[in-house]
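Notes for the structure review
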Amino acid sequence: WGGEAAMEEAAAHNGSAAGAAAGAGTGTPTATRPPATPEGMALAYGSLVLMALLPIFFGALRSVSCAKSKNSSEMPETITSRDAARFPIVASCTLLGLYLFFKIFSQEYINLLLSMYFFVLGILALSHTISPMMNRFFPANFPNKQYQLLFTQGSGESKEEIVNYEFDTKDLVCLALSSVVGVWYLLRKHWIANNLFGLAFSLNGVELLHLNNVSTGCILLGGLFIYDVFWVFGTNVMVTVAKSFEAPIKLVFPQDLLEKGLEADNFAMLGLGDIVIPGIFIALLLRFDISLKKNTHTYFYTSFVAYIFGLGLTIFIMHIFKHAQPALLYLVPACIGFPLLVALAKGEVTEMFSYESSAEILPHTPRLTHFPTVSGSPASLADSMQQKLSCPRRRRQQSPSAM
């Protein structure tokens, strides 16, 4: 997801800016199209905002429980401060590399390779997204068999797992349904199929990408804030790549839907980077809310409202000035500033910045409730604990449930 997020962020602002404000679509010059009606623009912008909020909200909720999963394929990937600091550099190199590729090689063949790549990724992402919902529709007597896909390297004690993926018959059904959407996208490039894949990518990104603390989130968002402003206002690289890149890395909605129906082609767009990057920070604040154990989600709802405000401001500015706007220019100050003000008002700034997501104790997680008071080196601590365990003492029988 690291490299893909970089590409999504790179392509975001032709969609959320030039495309949305000027009515740029995929493949046809803007000048050949009639201007969008106010009703069509309002419908398109409102739909984009709603589609952006859905993966952030549900992805944040799913991020709380995914750390408890025993399936290695569903374990979250933690972003450290070092990763966050390098991310804008990696994103810039990826963006510039794509720009040079489109300048040197045939755009048609590059997009064909990208379509096949995102075809496979989209099917897997959509299958993972709909699996929890589809489980409710299966009858109780559905023959559900368990499978395991295991690739190892070496033999004996040196054997290492390369891939260990567990799935069942219900997962195969979800994979088959997702494949239908994938074929539809591959053959038609229809905007609805594009959005299904885009929503799946966004939700999986928010769910499975975890920031380890608030400081790392500020480093990541701050670095991409500078990256975004530079590549949108400083050069035409980002807009050029976004226009040439044909892949489900953006959400689209037609502004002429009321006139042409499902065959409309005058699209407003929003890149997935403008959803995933703030989304993983909002999910972090939800986990921080839960760690406070106050039964309130103050920071989550504050950042969620801040995202709506920042995205609305982005749409307003680009509609007024008719120029590409880096969405993170407005989203980053809102998503960081609003929760920080709340923390200042509640006197919880220290708790916010000392919170470690990787060290959080989720429900049903075993924890050590008594710590031995032993001074000295780790070796002496281990020896002391071993001695305590070896001391004979009377034990009372415990039932398996109590143990």
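Conventions and cut-offs
Residues numbered from 1 in each chain as written. Predicted model: local features only at pLDDT ≥ 70, side-chain atom pairs only at ≥ 80, totals over all residues. Heavy atoms only, no water. Helix = DSSP H or I, 4+ residues; strand = E, 2+ residues; numbered from the N terminus. Buried < 20%, exposed > 50% of the residue type's maximum accessible area, 1.4 Å probe, protein only. Contact = heavy atoms within 4.5 Å. Areas by Shrake-Rupley, 256 points an atom, 1.4 Å probe, with all protein chains shown as cover. Patch = residues over 30% accessible without salt bridge, like charges linked within 9 Å, V, L, I, M, F, W, Y side chains within 5 Å. Salt bridge = Lys/Arg side-chain N within 4 Å of Asp/Glu carboxyl O. Phe/Tyr/Trp six-rings, centres within 6.5 Å; stacked < 30°, edge-to-face > 60°. Lys NZ or Arg CZ within 6 Å of the ring centre and 35° of its normal. UniProt positions renumbered as here; feature names shortened; annotations may be inferred. Pairing = 2+ DSSP bridges. Axes fitted to C-alpha atoms, helices over the stretch in contact; angles between N-to-C directions. Parallel < 35°, antiparallel > 145°, perpendicular 65-115°, else oblique. Left-handed = near helix turned anticlockwise from the far one by under 90°. Expected span 1.5 Å × (residues − 1). Polar contact = N/O pair within 3.5 Å; in protein donor to acceptor, adjacent residues only side chain to side chain. Nonpolar A, V, L, I, M, F, W, Y, C, P; charged D, E, K, R; others polar.

A short note on the overall build of the chain
Regarding its fold elements, the chain presents 14 helices and 6 strands. Looking at the chain as a whole, 46% of its 403 residues are labelled buried. Residue pairs at least 24 apart in sequence account for 77% of intrachain contacts in the chain once pairs closer than 6 positions are excluded. By element, 64% of the accessible surface of the chain is carried by carbon and sulfur atoms, the whole surface being about 21,400 Å².

Considerations on a nonpolar patch on the surface
A contiguous nonpolar surface patch, about 510 Å² in accessible area, is contributed by Leu96, Leu100, Phe101, Ile104 and Phe105. In this fold, Ile104 is placed in helix 3 (residues 81-104).

Quick look at the packing of aromatic side chains
The full count for this structure, using the stated rule, is 18 aromatic pairs. Relative to Phe142, the ring of Phe138 has its centre 4.8 Å away and its plane inclined at 55°; by these criteria the two rings are tilted. With a relative accessible area of 15%, Phe138 lands in the buried category. Looking at Phe142, the relative accessible area reads 25%, which means it is partly exposed. The positively charged end of Lys189 is found above the aromatic ring belonging to Tyr185, 5.3 Å away from the centroid.

Remarks on the UniProt feature "transmembrane region" (unreviewed entry) in the chain
What UniProt calls "transmembrane region" (unreviewed entry) maps, in this numbering, to residues 42-64, 84-102, 109-130, 208-233, 267-286, 298-321 and 327-345. Here residues 208-233 is 81% helix and 12% strand, with 31 Å between the C-alpha atoms at its ends. Within residues 327-345, the helical portion is 95% and the strand portion 0%, while the C-alpha atoms at the span's ends are 28 Å from each other.

Focus: the pattern of salt bridges
Counting across every chain of the model gives 6 salt bridges. Salt-bridge contacts for Glu207 lead to Arg62; the nearest nitrogen and oxygen are separated by 3.3 Å. You can see Glu207 sitting in helix 6 (residues 191-208) and its partner Arg62 sitting in helix 2 (residues 38-66), a full 145 residues away along the chain. We classify Glu207 as buried; its relative accessible area is 5%.

As for the pairing of strand 3 (residues 160-168)
Where strand 2 (residues 146-153) meets strand 3, 8 bridges bridge the pair, whose relative direction is antiparallel. Across the sheet, residue Phe151 finds its bridge partner in strand 3, namely Val163. Hairpin connection from strand 2 to strand 3: 6 residues lie between these consecutive antiparallel strands, with Gly154 at a positive phi of about 85°.

Focus: the packing of helix 2 against helix 11 (residues 298-321)
Two elements in contact, helix 2 and helix 11, have axes whose closest approach is 11 Å; the angle formed by their N-to-C orientations is 155°. Relative to helix 11, the element helix 2 lies roughly antiparallel. Where helix 2 crosses over helix 11, the handedness of that crossing is right-handed. In this structure, helix 2 uses Met41, Tyr45, Val49, Ala52, Leu53, Ile56, Phe57 and Ala60 to contact helix 11, whose residues at the interface are Phe300, Phe304, Tyr307, Ile308, Leu311, Ile315 and His319.

Regarding unusual backbone geometry
Positive phi is not limited to glycine here, since Lys293 has a value of about 55°. For Lys293, a relative accessible area of 62% puts it in the exposed group. Located in the positive-phi region is Asn295, a residue other than glycine, with phi close to 60°. A relative accessible area of 79% places Asn295 in the exposed class.

A short note on helix 7 (residues 214-234)
When the terminal C-alpha atoms of helix 7 are compared, their 29 Å separation across 21 residues agrees well with the 30 Å that a helix rising 1.5 Å per residue should span. For helix 7, the N-terminal cap is Asn213; the gap from its side-chain oxygen to the backbone nitrogen of Ser215 is 3.2 Å.

Some points on the packing of helix 4 (residues 107-134) against helix 6
The N-to-C vectors of helix 4 and helix 6 enclose an angle of 65°; their axes lie 8 Å apart at closest approach. In terms of orientation, helix 4 and helix 6 fall into the roughly perpendicular class. The handedness of the crossing between helix 4 and helix 6 comes out as left-handed. Residues Phe118, Phe119, Leu121, Gly122, Ile123, Ala125, Leu126, His128 and Thr129 of helix 4 form the contact with helix 6, whose participating residues are Leu196, Phe197, Ala200, Phe201, Leu203, Asn204 and Glu207. Tallied by class, the residues present in the contact of helix 4 with helix 6 amount to 11 nonpolar, 4 polar and 1 charged.

Digging into the pairing of strand 6 (residues 267-271)
In terms of burial, strand 6 is largely enclosed, as 5 of its 5 residues are buried. Because side chains alternate across strand 6, one face comprises the buried residues Phe267, Met269 and Gly271, and the other comprises Ala268 and Leu270, equally buried. The pairing of strand 5 (residues 250-254) with strand 6 spans 5 bridges and is antiparallel. Following the sheet pairing, Leu251 is matched in strand 6 by Leu270.

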